[in-house]
Each structure stands twice: as structure tokens, then as C-alpha cells.
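A structural walkthrough
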Amino acid sequence: MIEILRTNSENPDFAQLVMLLDAHLWEQYPETQAEYDTYNIIETNNTVIIAYNENIAVGCGCFKKLDDENVEIKRMYVKPESRGLGVSHLILAELEQWAKELGFKAALLETLYKQSAAISLYQKRGFKIIQNYGPYVGLDKSICMKKEL
């Protein structure tokens, strides 16, 4: 049974999962990851989700405030051995619910064009592809998406 924890970026399990995510991204995108890394710095963040399977951290995600109405979903990751169990759906649903509870109206996110499983997940959850926003404007490998909450 997958358990979901609302926590913050100080959680050591989150730090470990983010290290695995970053290693994966460097492997997938060695030619562009140095630039994209600058967009993935997580300052102190109080809106972090960690998924546990039998008390082992298997996935994470978080969001940060973009403005008074919008949040940006960041650092979504599920360990390879835990994929296919619905972990990413649970994490994303909890992030959306939490943002909604805090009064936000929409969630935005950016992923990379090779992340077909992530794009499919986001579309199944109701996210629509939009014009690239903020730091992703002009980056042709970025796919930006948005969902009204």
C-alpha cells in the first residue's frame, strides 16, 4: 500500500529522491542538463510530497508558488522499481489537492520532450500543453502544461 506524506524540502528522503532524479536527468539529457539544472533549484519548500511503499521512499514531487493564482509542479520522480504502481498519479493528485486547499487556481509544469511517460501522465490528469512560460520560453526541448484546479 502506497502512503503519501506532506512534508518539506528538509526531509532527507526528499533529498535522496532528488539526487536520483538529477542523476536520471543528466543521463537522459547530457547536452542540456547544465542549463536546465538552474531551473530546478529547490530553496526551502514547504509543499513537498513523498510516497512510501512499505516505509521506503519511492517517489516525490513538490510545487512552488508562481503568483497569487498559479503554482508550478516540480521535482516529480518515482524510482524505476516502483513505476507502474500508480505512485506518480497519487503524488500528482495530492499536489493538486494541496495547491487547491491553499487557494491556487491552476498548476503549471515543464517537462522535456523525451519524457513521454510523464507527458502521458499529465495529460491523463487533465493537463493541457500550453505555450512555454517563464524561463522555458525559447527552449525547444521543453513541453509546458497547465491544469485548472
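Our subject is the structure that appears above.
Residues numbered from 1 in each chain as written. Predicted model: local features only at pLDDT ≥ 70, side-chain atom pairs only at ≥ 80, totals over all residues. Heavy atoms only, no water.

Some remarks on the overall build of the protein
Secondary structure assignment for the protein yields 4 helices and 7 strands. Counting from the amino terminus, helix and strand elements in the protein follow one another as β-α-α-β-β-β-α-β-α-β-β. Each of the 149 residues in the protein was classed as buried or not, and the buried ones make up 45%. A fraction of 66% describes how many contacts in the protein between residues 6 or more apart in sequence connect residues 24 or more apart. Roughly 7,900 Å² of accessible area belongs to the protein as shown, and the carbon and sulfur atoms make up 51% of that amount. (Helix = DSSP H or I, 4+ residues; strand = E, 2+ residues; numbered from the N terminus. Buried < 20%, exposed > 50% of the residue type's maximum accessible area, 1.4 Å probe, protein only. Contact = heavy atoms within 4.5 Å. Areas by Shrake-Rupley, 256 points an atom, 1.4 Å probe, with all protein chains shown as cover.)

A closer look at the pairing of strand 3 (residues 56-65)
On a regular strand, each side chain points to the face opposite its neighbour's, so the side chains alternate between the two faces of the sheet. Summarising burial for strand 3: 7 of the 10 residues are buried, a large majority. Of the pairings in the sheet, the one linking strand 2 (residues 48-53) to strand 3 comprises 6 bridges and is antiparallel in character. Looking across to strand 3, one finds that Ile-50 is bridged to Cys-60. Counting the residues that bridge the hairpin from strand 2 to strand 3 gives 2 residues, and of these Glu-54 lies at a positive phi of roughly 55 degrees. Pairing geometry for strand 3 and strand 4 (residues 70-78), over 6 bridges, is antiparallel. (Pairing = 2+ DSSP bridges.)

Here's the deal with helix 4 (residues 116-124)
For helix 4, the complete set of buried residues consists of Ala-118, Ile-119, Leu-121 and Tyr-122. Burial along helix 4 is one-sided: seen end-on, the buried residues are contained in an arc of 160 degrees. For helix 4, the exposed residues lying more than 90 degrees away from the buried face are Ser-116, Ala-117 and Lys-124. Buried residues along helix 4 sit in contact with strand 4, helix 3 (87-101), strand 5 (106-112) and strand 7 (142-148). Of the residues one or two after helix 4, Gly-126 is the one with positive phi, at around 100 degrees. (Arc of directions from axis to C-beta.)

With respect to the pattern of salt bridges
With the rule as written, the count across this model stands at 7 salt bridges. Asp-68 is the salt-bridge partner of Lys-65, the closest N and O atoms lying 3.2 Å from each other. Using a relative accessible area of 52% as the deciding quantity, one classes Lys-65 as exposed. Note that Lys-147 and Glu-96 form a salt bridge whose closest N and O atoms lie 2.7 Å from each other. In this pair, Lys-147 is assigned in strand 7 and Glu-96 in helix 3, connecting sequence segments 51 residues apart. For the residue pair Lys-147 and Glu-96, the accessibility class agrees, reading buried in each case. The network of salt bridges with common partners includes Arg-6, Glu-94 and Glu-101. (Salt bridge = Lys/Arg side-chain N within 4 Å of Asp/Glu carboxyl O.)

Structural notes on the sheet that holds strand 4
Taken in spatial order, the 7 strands make up an open sheet running 1-2-3-4-5-7-6, and their pairing is mixed. Each of the sheet's edge strands pairs with one partner strand only, and the pair in question is strand 1 (2-7) and strand 6 (128-130). Recorded for the sheet is a direction-independent mean angle of 30 degrees between the axes of neighbouring strands. In the packing of helix 3 onto the sheet, the strands contacted are strand 1, strand 2, strand 3, strand 4 and strand 7, and the crossing angle to strand 4 comes to about 160 degrees. Contacts from helix 4 reach strand 4, strand 5, strand 6 and strand 7 within the one sheet, and its direction differs from that of strand 5 by about 160 degrees. (Axes fitted to C-alpha atoms, helices over the stretch in contact; angles between N-to-C directions.)

Comments concerning the side chain of Thr-47
Along the chain, Thr-47 turns up in the loop between helix 2 (33-37) and strand 2. Polar side-chain contacts of Thr-47 include one of 2.5 Å to the backbone oxygen of Phe-63. With residues up to four places along the chain from it excluded, the contact list for Thr-47 reads Thr-7, Gly-61, Cys-62, Phe-63, Leu-95, Trp-98 and Leu-102. (Polar contact = N/O pair within 3.5 Å; in protein donor to acceptor, adjacent residues only side chain to side chain.)

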